[in-house]
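Inside the fold
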Amino acid sequence: MPYQTGVVEALRDHGLDLGFCPGWETRGSSSFNPRGHVVHHDAGGNWATPPSILIAGRSDLAGPLCNFALGRDGKVWMVAAGRANHAGTGSWRGLAGNSTVWGTEANNRGTGEVWPDVQIDAYARLCAATCDFSGFTAEMVCRHAEWTSRKIDAWGPWEDGHDWSRDMSHFRALVAQGGNTDMPLNDADLFTIGVIVKQCLADTGLATLSEKEKRRAAKLRARLQRIEAELDAQD
């Protein structure tokens, strides 16, 4: 399989803020056909850009150690478009080996530190983007702790009261719907709304939207309908 550089378009389609580690396009092995996604925490202190260990690896494990690095602020960094050494021995729903799964290292110490809403929402959007791009469902997303009993990640409480150790089914539901629909609309959402309005004002309808814009429009329409229903209920 070629390097999975096309995933960037899917990430943008899901409204994610992106950063790029130089050389990401050809980092890792091109023997990579992901059909699932393993979520991790990096057990590290706060960083603004991904630490070198995620890119170059460590003395006992060659890099890259993930495909994506997720900051506390919700920014997704492209680390490697090829196979990364992150999951190790284990399996999930018939998948085994790093060549079968995307891997994300999210910035969290894993010692009880609270996961902010913005980071959880970005995590769900990121996983949803890989589901769409690689053609698998949210059921193929798992914690490293589900992949193998050797690990505990991702671990810890969320800002909204959920917890990785007991609420992975809730996280998979968020992935299935493309992210947390209770989060505020971001710049990408507002841009897409603007595109829709512009098309309607031009009296051309949605028929002229690209397939990417149509997918995003459908998701936004559902979010706006939910907001409208909640406002009506408050009247």
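My aim in this report is to walk through the structure given alongside it, one point at a time. These numbers were taken from a predicted model, which means no experiment stands behind them. (Residues numbered from 1 in each chain as written. Predicted model: local features only at pLDDT ≥ 70, side-chain atom pairs only at ≥ 80, totals over all residues. Heavy atoms only, no water.)

Now for the nonpolar core. Soluble, globular proteins show a tendency: their nonpolar side chains are buried together. Judged by nonpolar contacts, the single largest core of 44 residues is most densely connected at Leu 11, Val 39, Tyr 123, Val 141, Trp 164, Phe 171 and Val 175. Going through the elements one at a time, α1 (7-13), β2 (37-41), β5 (68-70), β6 (76-78), β7 (102-106), α3 (117-134), β8 (141-143) and α5 (168-176) are the ones with two or more residues in this core. If one sorts the elements of this core by residue count, α3 sits on top with 9 residues. Those residues within four positions of Phe 171 in sequence are excluded, and the remaining contacts are Val 39, Ile 120, Tyr 123, Ala 124, Cys 127, Val 141, Trp 158 and Trp 164. Core analysis: the second largest hydrophobic core is formed by 8 residues, Trp 47, Leu 54, Cys 66 and Trp 77 among them. (Core = buried A, V, L, I, M, F, W, Y, C linked by side-chain atoms within 4.5 Å. Buried < 20%, exposed > 50% of the residue type's maximum accessible area, 1.4 Å probe, protein only. Helix = DSSP H or I, 4+ residues; strand = E, 2+ residues; numbered from the N terminus. Contact = heavy atoms within 4.5 Å.)

Strand pairs in the sheet, formed through backbone hydrogen bonds, run parallel or antiparallel to each other. One open sheet holds the 6 strands; their spatial order is β1-β6-β5-β7-β2-β8, and the pairing between them is mixed. Across the chains shown, the open sheet's two edge strands, defined by having one partner strand only, are β1 (18-20) and β8. Neighbour-to-neighbour, the strand axes of the sheet open up by a mean angle of 25 degrees, direction not taken into account. The pairing of β2 with β8 spans 3 bridges and is classified as parallel. Along β8, the bridge assignment pairs Val 38 with Cys 142. Docked against the sheet, α3 engages β2, β5, β6, β7 and β8, running at close to 170 degrees with respect to β7. Sheet strands touched by α5: β2 and β8. Its angle to β8, the strand with the most contacts, is close to 150 degrees. (Pairing = 2+ DSSP bridges. Axes fitted to C-alpha atoms, helices over the stretch in contact; angles between N-to-C directions.)

With that out of the way, let us pick up the pattern of salt bridges. With the rule as written, the count across this model stands at 7 salt bridges. A salt bridge links Asp 167 to Arg 166; the shortest N-O distance between them is 3.5 Å. Look at Asp 167 and you get buried, because its relative accessible area is 13%. Judged by relative accessible area, Arg 166 falls into the exposed class, the value being 55%. (Salt bridge = Lys/Arg side-chain N within 4 Å of Asp/Glu carboxyl O.)

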